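One letter stands for each residue in the lines below.
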Amino acid sequence: MHEMALMESLVDVLAREADRHNIARIKKVKLTVGALTHALPDALQFAFTVLREQPLFAPEAELEIEERETRGRCGSCGVEFAVEGNFGFLCPDCGGFAIEIIQGRELQIDYFEGD
Amino acid sequence: MQIKLGQNLLGANAAVAGEIRRLMEEKGLLLLNLMSSPGAGKTTLLEKTLAAVKERLRVAVIEGDVATTKDAERIARLGIPVVQINTHGACHLDAAMVRDVLPAFDLDNLDLLIVENVGNLVCPAEFDLGEAMKVVVLSTTEGNDKVPKYPLMFREAGALLLNKIDLLPFTDFRLDELAADLGQIHPGLPRFDLSARTGEGMDRWIDWLSNQAEERRRR
Ligand SMILES: [Zn+2]
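Reading the values: the criteria
- Residues numbered from 1 in each chain as written.
- Chains lettered and ligands numbered in written order.
- Predicted model: local features only at pLDDT ≥ 70, side-chain atom pairs only at ≥ 80, totals over all residues.
- Heavy atoms only, no water.
- Donors = N, O, S within 2.8 Å, 3.2 Å for Na, K, Ca; no water.
- Tetrahedral: all angles 85-135°; square planar, octahedral: opposite > 155°, others 65-115°.
- Buried < 20%, exposed > 50% of the residue type's maximum accessible area, 1.4 Å probe, protein only.
- Helix = DSSP H or I, 4+ residues; strand = E, 2+ residues; numbered from the N terminus.
- Pairing = 2+ DSSP bridges.
- UniProt positions renumbered as here; feature names shortened; annotations may be inferred.
- Contact = heavy atoms within 4.5 Å.
- Buried area = accessible area lost by both parts, 1.4 Å probe.
- Salt bridge = Lys/Arg side-chain N within 4 Å of Asp/Glu carboxyl O.
- Polar contact = N/O pair within 3.5 Å; in protein donor to acceptor, adjacent residues only side chain to side chain.
- Expected span 1.5 Å × (residues − 1).
- Arc of directions from axis to C-beta.

With that settled, the discussion passes to the coordination of the zinc ion. All names here are of chain A. Binding of the zinc ion to the protein goes through Cys74 (SG), Cys77 (SG), Cys91 (SG) and Cys94 (SG), at separations of 2.3 to 2.4 Å. Because the angles between the 4 donor atoms bound to the zinc ion fall within 104 to 118 degrees, the donor set is best described as tetrahedral. Counting residues between consecutive donors of the zinc ion along the chain gives the motif C-x2-C-x13-C-x2-C. Relative accessible area serves as the criterion here: at 40%, Cys77 is assigned to the partly exposed category.

Turning our attention to the pairing of strand 6 (residues 133-139) of chain B. Residue and element names in this part refer to chain B. In terms of burial, strand 6 is largely enclosed, as 7 of its 7 residues are buried. Because side chains alternate across strand 6, one face comprises the buried residues Met133, Val135, Val137 and Ser139, and the other comprises Lys134, Val136 and Leu138, equally buried. In the sheet, strand 2 (residues 30-36) pairs with strand 6 via 5 bridges, with the strands oriented parallel. Counted as the bridge partner of Asn33 is Lys134 from strand 6. As defined by bridge partners, strand 6 adjoins strand 7 (residues 159-163) across 5 bridges and the pair is classed as parallel. Its bridge partner lying in strand 7, Val137 is registered against Leu161.

All names here are of chain A. You will see that Asn22, though not glycine, has its phi angle at about 55 degrees, which is positive. Within the fold, Asn22 resides in the loop between helix 1 (2-20) and strand 1 (26-34). Phi at His38 is positive, roughly 60 degrees, even though this residue is not glycine. Topologically, His38 is positioned in the loop between strand 1 and helix 2 (41-51).

This part covers the UniProt feature "binding site: Zn(2+)" (unreviewed entry) in chain A. Residues and elements named next belong to chain A. UniProt annotation of "binding site: Zn(2+)" (unreviewed entry) refers to Cys74, Cys77, Cys91 and Cys94 when read in the numbering used here. These annotated residues cover 21 residues of sequence, and their C-alpha atoms lie no more than 8.5 Å from one another, placing them together at a single site. Ignoring sequence-local partners within four residues, the contact set of Cys77 consists of Cys91, Asp93 and Cys94. Position of Cys94 relative to the elements: it lies in the loop between strand 4 (80-82) and strand 5 (99-103). Judged by its relative accessible area of 42%, Cys94 falls in the partly exposed class. Excluding anything up to four places from it in sequence, Cys94 contacts Cys74, Ser76 and Cys77.

The sites that carry the UniProt feature "binding site: Ni(2+)" (unreviewed entry) are, in the present numbering, His2 of chain A. For His2 of chain A, the residues in contact, after removing those within four places along its chain, are Thr37, His38 and Ala39 of chain A together with Cys91, Val122, Cys123 and Glu126 of chain B.

It is worth spelling out the interface of chain A and chain B at this point. In this assembly, 34 residues from chain A lie in contact with 31 residues from chain B. Carbon and sulfur atoms make up 64% of the surface buried where chain A meets chain B, a total of about 3,000 Å² over both sides. Applying the counting rule to chain A against chain B returns 1 salt bridge. Counting the contacts that link chain A with chain B gives 11 residue pairs in polar contact (both at pLDDT 80 or more). Of all the secondary-structure elements, those providing two or more residues to the side of chain A that touches chain B are helix 1, strand 5 and strand 6 (107-114) of chain A.

This part covers helix 2 (residues 42-53) of chain B. All names here are of chain B. In this model helix 2 runs 16 Å from its N-terminal to its C-terminal C-alpha over 12 residues, within 8% of the 16 Å that 1.5 Å per residue would give. Among all positions of helix 2, only Lys42, Thr43, Leu45, Leu46, Thr49, Leu50 and Val53 are buried. Taken around the axis of helix 2, the buried residues stretch over an arc of 155 degrees, which confines them to a single face.

Given below as structure tokens:
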């Protein structure tokens, strides 16, 4: 469900951008997806196969997904670290818990291709 | 031809949420986004909360529901302005849905506007509604695993309501485990242990909430 809603947002953005750049058929889309978004790549792919039935896409349009792990930066000592299991928001070095999320929330459209 | 975008998938939603946030600040109105998994007792909790805060604050509700109007009817019976958004099956509200119902309210004469989001913890976390604060409802019958499973929700929350504490003896829910998990995800998160059914612990939450709204109005 979550993934379908996200992919519908993707179609909204792509429809607008394709129009702006005079692209009639989209052949490829590249996304970056952070682990903290809980968007599962398989489910995104499935949603994409449903949505690419629209004339905006070429029938064999492809979705590439780059996954990003969750990373934090400690507000006390500045160390950057992987947030294990999306859960440990504690600094592994100093035990500080003022952790800024620096990666993992991405839901970004990097580029699309078409003609 | 390749077109570089580098733009957030939810950029359009974020822009609308920003508009709503500015409007709420201008009106000195506290917009609360109330979230939970299904069965956490959110609607009963909301009903009891509204019955108490309406003595102190001018409050209204936006009710998000997948299909039915049952919850909205329960709130209207309290004499509180309520507008229902039917998501027609979607698992979350988005900012545009909220923006579109705002004209139904007299925003200049409100202190608190509560959005009851659709019942799940995944999708609503991704969609900013322009709220000043997310409030998450967790219940003792759901078990401890919700917190580590949906860390983003608990990290972004401005308050956590632990509902159904009257049922604690009948569940395997552990308060010390919850405290330890929250210590990892969101230390210092205001937490209210309560039972909407028995009323236990409700006063502390009502006071806190009323203070938040009153503070905002004075700003
Ligand atoms: Zn540190």
